[in-house]
Amino acid sequence: KEVAAINPEARNVWAAGGNPYALSVEKLEKIALLIRKYLPHARISTYARVTDFMNKSVSDIRHLKELGFEDILIGIESADDAPLTFMNKGYSGQDVLTQLRKVEEAGVDYRVIYLGGIAGKNKCEDSARKTSQILNLLHPYMIYLTSVAVLPDTALYQDILEGRFIEPSELERIKELRTLISCLNNDIYVYARSVSSAVDFTADLPKDKERVLKKLD
C-alpha cells in the first residue's frame, strides 16, 4: 500500500526472504493477489531452492506466473552430486535438470546461482564440468558466480576442523570458474561480482567467452 501511494505504476517487485517460493501455492497466490491489488502492473521476482519445485506441478508454476511470479532466482549451488550430498542440499544434479525443466515448461524466466568451492580441494574443476553439462541442457538467462565463505560456529567450519572438508585455494577457485565458463555453451549473462570471490567480471556468453577466459588466465 505504501509503495502504491508513491509509485502505483511500479513494474518490478522483489519478494524478499530466504526462499519465499518454498511456500505453498495457496500462500504464494495470496501474496501475489495482494501485490496485484496495489501494484497491478508489477512483475514479481523472488528466490527459490531446487526443492521448492518438487511439490509444485508445471501447471502450479504457470498459474503463479500468471499471477505475477515471472522471474525466479534459483540457488542451485552446483549440479554435481558429490558436493550437493556433502552439503546436505536435499537434491541431486538430476533433480536440478528435472525441476528447472518444469520452470521452463511453465514459461517462467529464471536465473541461477553457482557456489564455487563447495566441492573441496582438488575437486572443483571436475565439479564445474559436471555442472556445466547440466546447465547446457537448460536455459537460465543469467548465472551469478559466487564462492563459499566458511564462517566460525557452522557445520562446515566443524567439518574443516575435523578434516572432513578441505577448502580449495583461491587459485583453484579461479580455475573452477574458468572451467565452468569454458564449458558453458548456452547464451547466458554471467555476473561475477561477489565480495566472496577473488575475481570481478560480467560477461555475455558466448560473445565474451574468450575475453573472460583470458582475464581468468
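The sections below set out a description of the structure shown in this document. (Residues numbered from 1 in each chain as written. Predicted model: local features only at pLDDT ≥ 70, side-chain atom pairs only at ≥ 80, totals over all residues. Heavy atoms only, no water.)

### Let's talk about unusual backbone geometry
What counts, and what does not: For every residue, the accessible area obtained with a 1.4 Å probe (protein chains only) is divided by the maximum for its type, and the residue is called buried under 20%, exposed over 50%, and partly exposed between those limits. Helix and strand definitions here come from DSSP, where helices need a minimum of 4 consecutive H or I residues and strands a minimum of 2 consecutive E residues; each element is numbered from the N-terminal end.
Residue P206 is bonded to the preceding L205 through a cis peptide linkage, with omega at 5°. The residue E77 is not glycine, and still its phi comes out positive at about 65°. By relative accessible area, E77 is classed as buried at 16%. Look at N88: it is not a glycine, yet its phi comes out positive at around 55°. You can see N88 is positioned in the loop between helix 4 (81-86) and helix 5 (93-105). Overall, N88 belongs to the exposed group, its relative accessible area being 68%.

### Observations regarding the pattern of salt bridges
Selection criterion: Any carboxyl oxygen of Asp or Glu within 4 Å of a side-chain nitrogen of Lys or Arg constitutes a salt bridge here.
All chains considered together, the criterion is met by 14 salt bridges. Its salt-bridge partner being R43, residue E70 comes within 3.7 Å of it at the nearest N-O pair. In this pair, E70 sits in strand 3 (residues 69-77) while R43 sits in strand 2 (residues 43-48), placing the two residues 27 residues apart along the sequence. The exposure class of E70 is partly exposed, given its relative accessible area of 26%. Classification of R43 by relative accessible area gives partly exposed; the value is 22%. The shortest N-O distance in the salt bridge between E77 and K89 comes to 3.5 Å. Taken together, the residues span a long stretch of sequence, with E77 in strand 3 and K89 in the loop between helix 4 and helix 5 at a distance of twelve residues. Of the two residues, E77 and K89, both sit in the buried class.

### Some remarks on helix 2 (residues 25-38)
Side chains of residues three or four places apart in an α-helix project in the same direction, reflecting 3.6 residues per turn. Heads up, the condition is: Helix span, expected: 1.5 Å multiplied by one less than the number of residues in the helix. In this description, the arc belongs to the directions extending from the helix axis to the C-beta atoms.
Along its 14 residues, helix 2 runs 20 Å from first to last C-alpha, staying within 8% of the 20 Å computed at 1.5 Å per residue. Residues V25, L28, A32 and I35 constitute the buried set of helix 2. Buried residues of helix 2, viewed axially, fall in a sector of 90°; they line one side. In helix 2, those exposed residues whose orientation departs by more than 90 degrees from the buried face are E26, K30 and K37.

### With respect to the pairing of strand 3
The criterion, for reference: Here a strand pair is declared whenever DSSP counts at least two bridges between the two strands.
Burial runs high along strand 3: eight of the nine residues are buried. Relative to strand 3, strand 2 runs parallel, the two sharing five bridges. Paired with A48 across the bridge in strand 3 is I74. Relative to strand 4 (residues 109-116), strand 3 runs parallel, the two sharing five bridges. Counted as the bridge partner of E77 is Y114 from strand 4.

### Quick look at the environment of E9
Inspection of the secondary structure assignment puts E9 in the loop between helix 1 (2-6) and strand 1 (12-15). Note: C-alpha distance between E9 and Y38 (29 residues apart in sequence) is 9.5 Å.

### Description of the sheet that holds strand 6 (residues 188-192)
Basically, it comes down to this: Interaxial angles span 0 to 180 degrees and are taken between N-to-C directions of axes, which are lines fitted to C-alpha atoms, for helices over the stretch in contact.
Spatial strand order, 1-2-3-4-5-6-7: seven strands in an open sheet with mixed pairing. Unpaired on one side and paired on the other, strand 1 and strand 7 (201-205) mark the two borders of the sheet. Put simply, the sheet's adjacent strands are angled 20° from each other on average, direction ignored. Looking at chain direction, strand 4 and strand 5 (residues 142-147) are connected through six bridges and run parallel. What sits directly across from R111, in strand 5, is M142.

### Some words on the packing of helix 2 against helix 3 (residues 58-66)
Our working rule: The cut-offs work like this: below 35 degrees is roughly parallel, past 145 is roughly antiparallel, 65 to 115 is roughly perpendicular, and the gaps in between are oblique. Each helix crossing is assigned a hand: it is left-handed if the near helix lies turned anticlockwise from the far helix by less than a right angle, otherwise right-handed if that turn is clockwise. Here, residues are in contact when the closest pair of their heavy atoms is within 4.5 Å. Each residue receives one of three labels: charged for Asp, Glu, Lys and Arg, nonpolar for Ala, Val, Leu, Ile, Met, Phe, Trp, Tyr, Cys and Pro, and polar for the others, Gly being one of them.
Orientation of helix 2 relative to helix 3, taken along the N-to-C sense of each, is 15°, at an axis distance of 9 Å. In terms of orientation, helix 2 and helix 3 fall into the roughly parallel class. Helix-helix and strand crossings are classified by hand; for helix 2 and helix 3 the assignment is left-handed. Here helix 2 contributes V25, L28, E29 and R36 to the contact with helix 3, which in turn contributes D60, H63, L64 and E66. Its residues assigned to classes, the contact of helix 2 with helix 3 shows three nonpolar, one polar and four charged.

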